[in-house]
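The lines below spell out each chain.
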Amino acid sequence: MLSLILLSVVAGGSQANRTTTQPQRSAMPAYVQGDAGPAGLKAAAANITEVAKTVPQDWAFPFPAEGIPVLMYHSISNLPGNSLGVPPEKFALQMKYLYNAGFTTITPDQLYSALQGKTRLPRRPIMITFDDGYHDNFTAAFPVLKQYNFKATFFVVTGYIGPGMLTWDEIKQMAGAGMNIESHTVNHLDLRTLPPARMRKELADSKTAIESNLGTKVEYFCYPAGKFNSTTLALLKDLGYKMAFTTVAGTVRRNQPLLQLRRIRINGLAGLEGFQKQLPN
Ligand SMILES: [Zn+2]
(Lines give C-alpha, C1' and ligand atoms only; values in the text may rest on other atoms or scores of the structure.)
Protein backbone atom coordinates (compact mmCIF):
# COMPACT_ATOMS: atom_id res chain seq x y z
CA MET A 1 0.00 0.00 0.00
CA LEU A 2 2.80 2.35 0.83
CA SER A 3 4.51 1.69 -2.48
CA LEU A 4 1.35 2.35 -4.42
CA ILE A 5 0.84 5.65 -2.71
CA LEU A 6 4.41 6.84 -3.09
CA LEU A 7 4.57 5.68 -6.66
CA SER A 8 1.34 7.27 -7.73
CA VAL A 9 2.40 10.62 -6.39
CA VAL A 10 5.79 10.44 -7.98
CA ALA A 11 4.89 9.08 -11.39
CA GLY A 12 4.21 12.44 -12.95
CA GLY A 13 7.17 14.32 -11.64
CA SER A 14 9.96 11.82 -11.41
CA GLN A 15 12.54 11.95 -14.12
CA ALA A 16 13.51 8.45 -13.13
CA ASN A 17 10.29 6.94 -14.32
CA ARG A 18 10.38 8.65 -17.67
CA THR A 19 13.23 6.59 -19.03
CA THR A 20 12.45 4.39 -22.02
CA THR A 21 13.52 1.33 -20.12
CA GLN A 22 10.89 1.31 -17.43
CA PRO A 23 12.05 -0.62 -14.41
CA GLN A 24 10.05 -3.68 -13.52
CA ARG A 25 8.32 -2.26 -10.53
CA SER A 26 7.16 -5.58 -9.24
CA ALA A 27 10.76 -6.73 -9.00
CA MET A 28 11.74 -3.85 -6.76
CA PRO A 29 11.19 -3.60 -3.08
CA ALA A 30 7.79 -2.01 -2.98
CA TYR A 31 8.72 0.79 -0.66
CA VAL A 32 11.44 2.09 -2.93
CA GLN A 33 9.42 2.70 -6.01
CA GLY A 34 8.46 6.25 -5.23
CA ASP A 35 10.52 9.23 -4.34
CA ALA A 36 11.62 8.80 -0.84
CA GLY A 37 12.74 12.15 2.89
CA PRO A 38 14.36 14.96 8.68
CA ALA A 39 16.46 17.06 10.86
CA GLY A 40 18.93 16.02 13.48
CA LEU A 41 19.48 16.75 17.05
CA LYS A 42 18.43 20.34 17.19
CA ALA A 43 18.65 20.92 20.85
CA ALA A 44 20.97 23.85 20.38
CA ALA A 45 19.11 25.35 17.46
CA ALA A 46 16.17 27.04 19.08
CA ASN A 47 17.13 30.38 17.63
CA ILE A 48 19.73 32.17 15.60
CA THR A 49 21.83 32.97 18.60
CA GLU A 50 21.98 29.34 19.52
CA VAL A 51 22.87 28.38 15.96
CA ALA A 52 25.70 30.85 15.89
CA LYS A 53 27.19 29.10 18.89
CA THR A 54 27.27 25.82 16.99
CA VAL A 55 29.17 27.29 14.03
CA PRO A 56 32.87 26.46 14.26
CA GLN A 57 35.25 29.35 14.69
CA ASP A 58 36.96 28.71 11.37
CA TRP A 59 33.80 29.16 9.35
CA ALA A 60 34.83 32.39 7.73
CA PHE A 61 33.26 32.30 4.31
CA PRO A 62 30.34 34.33 2.93
CA PHE A 63 27.37 32.75 1.15
CA PRO A 64 28.84 31.33 -2.08
CA ALA A 65 27.77 33.14 -5.27
CA GLU A 66 27.30 29.81 -7.04
CA GLY A 67 24.89 28.74 -4.33
CA ILE A 68 24.91 25.85 -1.87
CA PRO A 69 24.28 22.34 -3.21
CA VAL A 70 21.55 20.41 -1.41
CA LEU A 71 21.80 16.79 -2.47
CA MET A 72 18.58 14.81 -2.77
CA TYR A 73 18.74 11.08 -2.10
CA HIS A 74 15.96 8.56 -1.68
CA SER A 75 16.76 4.88 -1.20
CA ILE A 76 20.36 3.72 -0.81
CA SER A 77 20.02 0.38 -2.50
CA ASN A 78 20.47 -1.46 -5.75
CA LEU A 79 17.44 -0.86 -7.96
CA PRO A 80 18.40 -1.90 -11.48
CA GLY A 81 17.06 0.64 -13.97
CA ASN A 82 15.70 2.98 -11.32
CA SER A 83 17.72 6.13 -10.80
CA LEU A 84 16.03 6.84 -7.48
CA GLY A 85 17.99 4.05 -5.84
CA VAL A 86 21.67 4.82 -5.26
CA PRO A 87 23.66 1.62 -4.71
CA PRO A 88 25.40 1.57 -1.29
CA GLU A 89 28.86 1.27 -2.85
CA LYS A 90 28.21 4.31 -5.04
CA PHE A 91 26.92 6.27 -2.07
CA ALA A 92 30.06 5.40 -0.10
CA LEU A 93 32.25 6.60 -2.96
CA GLN A 94 30.27 9.83 -3.24
CA MET A 95 30.69 10.57 0.48
CA LYS A 96 34.40 9.77 0.26
CA TYR A 97 34.68 12.17 -2.67
CA LEU A 98 32.89 14.96 -0.77
CA TYR A 99 35.16 14.44 2.21
CA ASN A 100 38.35 14.45 0.16
CA ALA A 101 37.19 17.45 -1.87
CA GLY A 102 36.84 19.45 1.32
CA PHE A 103 33.06 19.77 1.53
CA THR A 104 31.55 20.42 4.94
CA THR A 105 27.98 19.38 5.61
CA ILE A 106 25.71 21.97 7.13
CA THR A 107 22.38 21.61 8.92
CA PRO A 108 19.08 23.24 7.90
CA ASP A 109 19.45 25.62 10.85
CA GLN A 110 22.87 26.67 9.60
CA LEU A 111 21.59 27.09 6.05
CA TYR A 112 18.68 29.19 7.30
CA SER A 113 20.97 31.33 9.39
CA ALA A 114 23.36 31.81 6.47
CA LEU A 115 20.47 32.75 4.17
CA GLN A 116 19.55 35.43 6.70
CA GLY A 117 23.12 36.69 6.54
CA LYS A 118 23.54 35.87 10.23
CA THR A 119 26.33 33.28 10.06
CA ARG A 120 29.39 32.60 7.98
CA LEU A 121 30.02 29.27 6.30
CA PRO A 122 32.74 26.70 5.76
CA ARG A 123 34.71 26.86 2.51
CA ARG A 124 32.61 24.31 0.60
CA PRO A 125 29.23 24.02 2.32
CA ILE A 126 26.83 21.29 1.29
CA MET A 127 23.59 19.81 2.57
CA ILE A 128 22.72 16.13 2.21
CA THR A 129 19.04 15.17 2.28
CA PHE A 130 17.08 11.94 2.09
CA ASP A 131 13.38 11.77 1.20
CA ASP A 132 10.70 9.32 2.42
CA GLY A 133 12.58 7.56 5.25
CA TYR A 134 13.59 4.28 3.71
CA HIS A 135 14.97 1.70 6.08
CA ASP A 136 18.21 1.51 4.12
CA ASN A 137 18.88 5.11 5.10
CA PHE A 138 19.67 3.67 8.54
CA THR A 139 21.51 0.52 7.45
CA ALA A 140 23.38 1.79 4.39
CA ALA A 141 23.66 5.59 4.62
CA PHE A 142 23.88 6.38 8.36
CA PRO A 143 27.11 4.36 9.00
CA VAL A 144 28.88 6.06 6.08
CA LEU A 145 27.73 9.52 7.16
CA LYS A 146 29.05 8.85 10.67
CA GLN A 147 32.35 7.66 9.26
CA TYR A 148 32.99 11.11 7.76
CA ASN A 149 31.30 13.00 10.56
CA PHE A 150 28.74 14.25 8.03
CA LYS A 151 25.37 15.63 9.05
CA ALA A 152 22.36 14.86 6.90
CA THR A 153 18.68 15.72 6.89
CA PHE A 154 16.01 13.03 6.64
CA PHE A 155 12.53 14.02 5.46
CA VAL A 156 10.26 11.30 6.81
CA VAL A 157 6.66 10.43 6.01
CA THR A 158 5.27 10.04 9.51
CA GLY A 159 2.34 7.83 8.52
CA TYR A 160 4.76 5.18 7.26
CA ILE A 161 7.28 5.06 10.05
CA GLY A 162 7.71 1.48 11.21
CA PRO A 163 8.86 -1.89 9.92
CA GLY A 164 9.91 -1.73 6.27
CA MET A 165 10.72 1.95 6.58
CA LEU A 166 12.70 3.75 9.29
CA THR A 167 11.38 3.01 12.76
CA TRP A 168 11.13 5.60 15.54
CA ASP A 169 13.92 3.79 17.39
CA GLU A 170 16.22 4.13 14.39
CA ILE A 171 15.19 7.73 13.84
CA LYS A 172 16.01 8.50 17.49
CA GLN A 173 19.45 6.95 17.08
CA MET A 174 20.07 9.07 14.00
CA ALA A 175 18.85 12.25 15.67
CA GLY A 176 21.03 11.43 18.66
CA ALA A 177 24.03 11.29 16.33
CA GLY A 178 23.32 14.79 15.00
CA MET A 179 21.16 13.98 12.01
CA ASN A 180 18.16 16.22 11.33
CA ILE A 181 14.70 14.70 11.07
CA GLU A 182 12.16 16.88 9.27
CA SER A 183 8.69 16.64 7.72
CA HIS A 184 7.66 15.08 4.43
CA THR A 185 3.95 15.01 5.38
CA VAL A 186 1.90 12.19 6.94
CA ASN A 187 0.76 10.30 3.86
CA HIS A 188 2.89 11.50 0.94
CA LEU A 189 -0.06 12.74 -1.09
CA ASP A 190 -0.07 15.23 -3.94
CA LEU A 191 -0.76 18.30 -1.81
CA ARG A 192 -2.33 20.19 -4.71
CA THR A 193 -5.25 17.76 -4.72
CA LEU A 194 -6.19 18.29 -1.06
CA PRO A 195 -8.75 20.72 0.38
CA PRO A 196 -7.03 23.31 2.62
CA ALA A 197 -8.09 21.70 5.91
CA ARG A 198 -6.83 18.30 4.82
CA MET A 199 -3.62 19.80 3.48
CA ARG A 200 -3.05 21.61 6.76
CA LYS A 201 -3.41 18.32 8.63
CA GLU A 202 -0.70 16.72 6.48
CA LEU A 203 1.71 19.55 7.29
CA ALA A 204 0.77 19.96 10.95
CA ASP A 205 0.39 16.36 12.10
CA SER A 206 3.72 15.27 10.61
CA LYS A 207 5.41 18.15 12.43
CA THR A 208 3.76 17.26 15.73
CA ALA A 209 4.56 13.56 15.39
CA ILE A 210 8.28 14.17 14.95
CA GLU A 211 8.39 16.85 17.65
CA SER A 212 6.63 14.66 20.20
CA ASN A 213 8.73 11.60 19.43
CA LEU A 214 12.10 13.35 19.36
CA GLY A 215 11.55 16.36 21.55
CA THR A 216 13.00 18.57 18.81
CA LYS A 217 11.52 21.45 16.86
CA VAL A 218 10.51 20.72 13.27
CA GLU A 219 10.79 23.78 11.04
CA TYR A 220 11.77 22.36 7.68
CA PHE A 221 9.69 20.64 5.07
CA CYS A 222 9.97 18.75 1.81
CA TYR A 223 7.11 18.54 -0.71
CA PRO A 224 6.01 15.03 -1.74
CA ALA A 225 7.17 14.66 -5.36
CA GLY A 226 7.89 18.38 -5.28
CA LYS A 227 4.18 19.26 -5.70
CA PHE A 228 2.59 22.28 -4.01
CA ASN A 229 0.40 25.32 -4.62
CA SER A 230 -0.09 28.77 -3.11
CA THR A 231 -2.25 27.35 -0.31
CA THR A 232 0.61 25.04 0.67
CA LEU A 233 2.98 27.99 0.93
CA ALA A 234 0.54 29.94 3.10
CA LEU A 235 -0.08 26.98 5.38
CA LEU A 236 3.62 26.21 5.83
CA LYS A 237 4.22 29.80 6.86
CA ASP A 238 1.29 29.77 9.23
CA LEU A 239 2.48 26.55 10.86
CA GLY A 240 5.95 27.96 11.50
CA TYR A 241 7.96 26.20 8.86
CA LYS A 242 11.01 28.30 7.95
CA MET A 243 12.23 26.55 4.81
CA ALA A 244 10.86 23.99 2.35
CA PHE A 245 12.66 21.99 -0.29
CA THR A 246 11.44 21.24 -3.80
CA THR A 247 12.65 18.87 -6.50
CA VAL A 248 13.51 21.77 -8.82
CA ALA A 249 17.09 21.35 -9.96
CA GLY A 250 19.69 23.84 -8.82
CA THR A 251 21.64 25.13 -5.85
CA VAL A 252 20.23 27.24 -3.00
CA ARG A 253 20.97 30.89 -3.60
CA ARG A 254 20.63 33.95 -1.42
CA ASN A 255 17.57 35.35 -3.15
CA GLN A 256 15.62 32.08 -3.47
CA PRO A 257 12.20 32.00 -1.80
CA LEU A 258 12.71 30.13 1.49
CA LEU A 259 9.77 27.83 0.83
CA GLN A 260 10.94 26.94 -2.68
CA LEU A 261 14.52 25.88 -2.27
CA ARG A 262 16.20 23.90 -5.01
CA ARG A 263 18.04 20.63 -4.78
CA ILE A 264 20.31 18.37 -6.82
CA ARG A 265 18.82 14.97 -7.54
CA ILE A 266 21.42 12.23 -7.28
CA ASN A 267 21.00 9.77 -10.12
CA GLY A 268 21.75 6.23 -8.99
CA LEU A 269 22.59 5.18 -12.51
CA ALA A 270 25.32 7.80 -12.99
CA GLY A 271 28.97 7.26 -12.20
CA LEU A 272 31.20 9.26 -9.86
CA GLU A 273 32.12 11.65 -12.66
CA GLY A 274 28.46 12.49 -13.21
CA PHE A 275 28.10 13.09 -9.48
CA GLN A 276 31.08 15.45 -9.42
CA LYS A 277 29.76 17.43 -12.39
CA GLN A 278 26.59 18.29 -10.48
CA LEU A 279 28.54 20.06 -7.76
CA PRO A 280 29.81 23.65 -7.80
CA ASN A 281 33.55 23.93 -8.48
ZN1 LIG B 1 8.91 11.68 -1.25
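The structure this text deals with has already been given above.
S.K.: Describe the pairing of strand 5 (residues 180-183), listing the residues and the values that go with them.
M.R.: One ladder, built from 4 bridges, connects strand 4 (residues 153-156) with strand 5; its direction is parallel. Paired with phenylalanine 155 across the bridge in strand 5 is glutamate 182. The parallel pair strand 4 and strand 5 is bridged by helix 6 (residues 168-176), and the resulting crossover is right-handed.

S.K.: Run through the pairing of strand 7 (residues 243-249), naming residues and quoting values.
M.R.: Among the 7 residues that make up strand 7, 5 are buried, leaving the element largely enclosed by the rest of the structure. Considered for its hand, the β-α-β crossover made up of strand 6 (residues 220-222), helix 8 (residues 230-238) and strand 7 is right-handed. Across 2 bridges, the pairing between strand 7 and strand 8 (residues 261-265) is parallel. Paired with alanine 249 across the strands is arginine 263, a residue of strand 8.

S.K.: Summarise helix 3 (residues 88-100); cite the residues concerned and give the values.
M.R.: Under the 1.5 Å per step criterion, the end-to-end length of helix 3 is 18 Å for 13 residues, consistent within 8% with the ideal 18 Å. When we look at burial in helix 3, the residues that qualify are Lys90, Phe91, Gln94, Met95 and Leu98. Viewed along the axis of helix 3, the buried residues span an arc of 135°, placing them on a single side of the element. In helix 3, the exposed positions that point more than 90 degrees away from the buried face belong to Glu89 and Asn100.

S.K.: Residues and numbers for helix 7 (residues 196-214), please.
M.R.: Under the 1.5 Å per step criterion, the end-to-end length of helix 7 is 27 Å for 19 residues, consistent within 8% with the ideal 27 Å. Buried positions along helix 7 lie against helix 6, strand 5, strand 6 and helix 8. Following helix 7 by one or two positions, glycine 215 adopts a phi angle in the positive range, close to 75°.

S.K.: Pulling in residues and values, what's your account of the packing of helix 7 against helix 8?
M.R.: Close contact between helix 7 and helix 8 brings their axes to 10 Å; oriented N to C, the two are set at 50°. Relative to helix 8, the element helix 7 is oriented oblique. For helix 7 against helix 8, the interelement crossing comes out right-handed. On helix 8, the residues touching Pro196, Met199, Arg200 and Leu203 of helix 7 are Thr231, Thr232, Leu235 and Leu236. Looking at side-chain class alone, the contact of helix 7 with helix 8 contains 5 nonpolar, 2 polar and 1 charged residues.

Reading the values: the criteria
- Residues numbered from 1 in each chain as written.
- Predicted model: local features only at pLDDT ≥ 70, side-chain atom pairs only at ≥ 80, totals over all residues.
- Pairing = 2+ DSSP bridges.
- Helix = DSSP H or I, 4+ residues; strand = E, 2+ residues; numbered from the N terminus.
- Right-handed = clockwise from strand over helix to strand, strands pointing away.
- Buried ≥ 20, exposed ≤ 12 C-beta atoms within 10 Å, placed from the backbone.
- Expected span 1.5 Å × (residues − 1).
- Arc of directions from axis to C-beta.
- Contact = placed C-beta atoms within 7 Å.
- Axes fitted to C-alpha atoms, helices over the stretch in contact; angles between N-to-C directions.
- Parallel < 35°, antiparallel > 145°, perpendicular 65-115°, else oblique.
- Left-handed = near helix turned anticlockwise from the far one by under 90°.
- Nonpolar A, V, L, I, M, F, W, Y, C, P; charged D, E, K, R; others polar.

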